[in-house]
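Okay, here's what each chain looks like letter by letter:
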Amino acid sequence: MREWSREPLVNVAEIRPSNVDKKSGPGELPVRLCNYMDVYTRDYITQDIQFMDATATAAEIQRFRVERGDVLITKDSETPDDIGISAAVRDEIDDLVCGYHVALLKPNRERVDSIYLAKQLASSETARYFGRLANGSTRYGLSYGSIAATPIRLAPLDQQRRIAEILTTLDESIEQTGDLIAKTQQIKAGLIHDLFTRGVTRNGEYRPPRSGAPQLYKESPLGWIPNEWDVATLGAISDFVTSGSRGWAAYYTEEGPLFIRIGNLTREHPNLRLEDLVHVQPPVSSDGQRTRLAEGDVLISITADLGIVGVIIPSLGEAYVNQHIALVRPKANLAAGRWLGHWLGGPQAQARIRRLDDPGAKAGLNLPTIRALLVALPPKDERDEVVGRLDAADETIQSERTWARKFKLLKAGLMHDLLTGRVRVPMTDCEEIIAHV
């Protein structure tokens, strides 16, 4: 740490708060504008971003032209937490100008690496500094003086570049994981469409589309479905459909059986989100037993965010459900909970749920409405094949989300350690660091 220094930002970068607005004026020159959201939503400014077309004067272009190696920060916003968000410019981009609500920083490249500077500005320490100095009531902003005085921890330049390389490699891994998640979600959406309209034959292949083989399909209350499929109401294939009761807050405890609430349901997959858990010591009464969950039960949110679906897995243990969730217990051998979870979370069932929203004073779904929901019922072997394919897609997405969380936690820890000098800059290869996540 002896070789590190702590200096105001103005010592290592020229600061140019922009006044280039989105309006086009006569006689101005065409440019592309790097606006607040372009900076706020990204760590890096690159040439593949769809920037806004605008105009600017020749003087504005000269002063606020964005170049590779620059750093941009948000200088005002509606909340103090959104001020001072930074992004490093990684590409040379023709005709790009820094827009209003953003400040352009021109680093002294003999003293500071631009990506290292952007990461210093993104540190929790700097965020607290910006939060203290942001002024305003309905809109908050940073004055030139506040930006100029921002304290920056400066490592030797070679260490700065090494820190920048490590953090950039992690950012790239996070982005690649996000791209893979998005791609898998698209694949799953295609799977859902094909599996819920064509299903699969005994040899594991999709049926031909109805347009090419109309004899394989029949009309139903759900539209055209394969001949082998049936349609039933959720009530007809369930032992019961109920919901929890009010007043269970009186039974909350520090530990014990779980109490499942809407926040434990997710639209990402039929599994429960076992975070922010509440425990209860349930009453020894019929009400307590009525709302006790069993393996294969299907849960549907009936207030607030309507129609979120969850399925109870064997390892959950003793658990109960609150009044904002409908509890559906499928009849044995008629419909498996996993199938219902995927079907009810699918686009067709979700569209019906939105249309059936109770128009009363308090928006929501009532239990008769839930019982009347229509469900497609393929033969058991076909149901199992469909569920297996959709579960596999969900497992892939969840695995990649786990990796993304690990990368983000590693990045947060490394930013604190490396940008404060608390830990020496590792000379290990960046890929080796990531391999140990």
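Scoring rules and cut-offs
Here the residue numbering is sequential within each chain, running from 1 through the sequence in written order. Note on the predicted model: pLDDT of at least 70 is required for a residue's local features to be given, and 80 or more for side-chain atom pairs to be given and counted; whole-chain, interface and lining totals, by contrast, use all residues. Hydrogens and waters are ignored; side-chain quantities use all the structure's heavy atoms. Residues belong to one nonpolar core when they are buried, are Ala, Val, Leu, Ile, Met, Phe, Trp, Tyr or Cys, and are joined through side-chain atoms within 4.5 Å. Under the scheme applied here, a residue whose accessible area is under 20% of the maximum for its type counts as buried, over 50% as exposed, and between as partly exposed, the area being computed with a 1.4 Å probe on protein chains only. Secondary structure elements are defined from DSSP: runs of H or I of at least 4 residues count as helices, runs of E of at least 2 residues count as strands, and each element is numbered from the N terminus. Residue contacts are counted whenever heavy atoms from the two residues lie within 4.5 Å of one another. Side-chain rings of Phe, Tyr and Trp (the six-membered ring for Trp) are treated as a pair once their centres are within 6.5 Å; stacked means planes under 30 degrees apart, edge-to-face means over 60, and tilted covers the remaining angles. As used in this structure description, the phrase polar contact means that two N or O atoms lie within 3.5 Å; if the pair is within protein, one of them must be able to donate a hydrogen and the other to accept it, and residues adjacent in sequence are counted only when both atoms belong to side chains. Convention adopted: a line fitted to C-alpha atoms gives each axis, helices being fitted over their contacting stretch, and angles between N-to-C directions are expressed from 0 to 180 degrees. Here the angle decides the label: under 35 degrees means roughly parallel, over 145 means roughly antiparallel, 65 to 115 means roughly perpendicular, and every other value means oblique. Here the nonpolar group is Ala, Val, Leu, Ile, Met, Phe, Trp, Tyr, Cys and Pro; Asp, Glu, Lys and Arg are the charged ones; every other residue, Gly included, is treated as polar.

**Q** What's the story with the nonpolar core in this structure? I'm lost.
**A** One recurring pattern in soluble globular proteins is that nonpolar side chains are buried together. Within the largest apolar cluster, 39 residues are counted, with the highest numbers of intra-cluster contacts made by Leu9, Leu105, Tyr116, Leu117, Leu121 and Ile163. For this core, the element with the most residues is helix H6 (residues 157-197), which contributes six residues. If sequence neighbours within four positions are ignored, leucine 117 has contacts with Leu9, Ala13, Val71, Pro107, Val112 and Ile152. With 38 residues, the next largest nonpolar core counts Leu195, Ile300, Ala376 and Val386 among its residues.

**Q** It is not clear to me how the packing of aromatic side chains should be interpreted in this structure. Could you clarify?
**A** Think of a pair of aromatic rings as described by two things: how far the centres are apart, and how the planes are tilted against each other in angle. Following the criterion strictly, the structure yields 11 aromatic pairs and no others. Taking the centre distance of 5.0 Å and the plane angle of 55° together, the rings of phenylalanine 196 and tryptophan 343 count as tilted. On the criterion of sequence distance, the pair formed by phenylalanine 196 in helix H6 and tryptophan 343 in helix H8 (residues 337-345) is long-range, its members being 147 residues apart. For the pair shown, phenylalanine 196 and tryptophan 343 are each scored as buried.

**Q** So what exactly am I meant to see when it comes to unusual backbone geometry here?
**A** Excluding glycine, a negative phi dihedral is what most residues carry, and trans is how most peptide bonds are arranged. Positive phi, normally seen in glycine, also occurs at aspartate 95, with a value near 60°. Locating aspartate 95 in the fold gives a position in the loop between strand S8 (86-89) and strand S9 (96-98). Not every positive phi belongs to a glycine, and aspartate 276 is a case in point at roughly 50°. With respect to the helices and strands, the residue aspartate 276 is situated in the loop between strand S17 (252-260) and strand S18 (278-280). Judged by its relative accessible area of 59%, aspartate 276 falls in the exposed class.

**Q** Explain the side chain of threonine 303 to me, please; I cannot follow it from the model alone.
**A** By secondary structure assignment, the location of threonine 303 is in the loop between strand S19 (298-301) and strand S20 (309-311). A distance of 3.1 Å separates polar atoms of two side chains, one belonging to threonine 303 and the other to histidine 324. Among all residues touching threonine 303, those that are not within four sequence positions of it are Ile262 and His324.

**Q** Looking at this structure, I do not really get the packing of helix H3 (residues 114-121) against helix H11 (residues 380-420). What am I missing?
**A** When two helices pack together, their arrangement is given by the angle between the helix axes and the distance between those axes. Running from N to C, H3 and H11 cross one another at 105°; their axes reach a closest spacing of 11 Å. Considering their axes alone, H3 and H11 lie roughly perpendicular with respect to each other. Residues Tyr116, Lys119 and Gln120 of H3 touch H11, and the partners they reach there are Lys411, Met415 and Leu419. Considered class by class, the residues forming the contact of H3 with H11 number three nonpolar, one polar and two charged.

**Q** Looking at this structure, I do not really get H3. What am I missing?
**A** Residues separated by three or four positions in an α-helix point in the same direction, a consequence of the helix having 3.6 residues per turn. Within H3, eight of the eight residues are buried, leaving the element largely enclosed by the surrounding structure. Turning to H3, its buried residues number three or more, namely Ser114, Ile115, Tyr116, Leu117, Ala118, Lys119, Gln120 and Leu121. If you check the start of H3, you find a side-chain oxygen 3.0 Å away from the backbone N of isoleucine 115, and it comes from aspartate 113.

**Q** Teacher, can you tell me more about the environment of glycine 131 here?
**A** Within the secondary structure layout, glycine 131 lies in helix H4 (residues 124-133). Overall, glycine 131 belongs to the partly exposed group, its relative accessible area being 33%. Glycine 131 sits 51 residues away from proline 80 along the chain, and the two C-alpha atoms are 5.4 Å apart.

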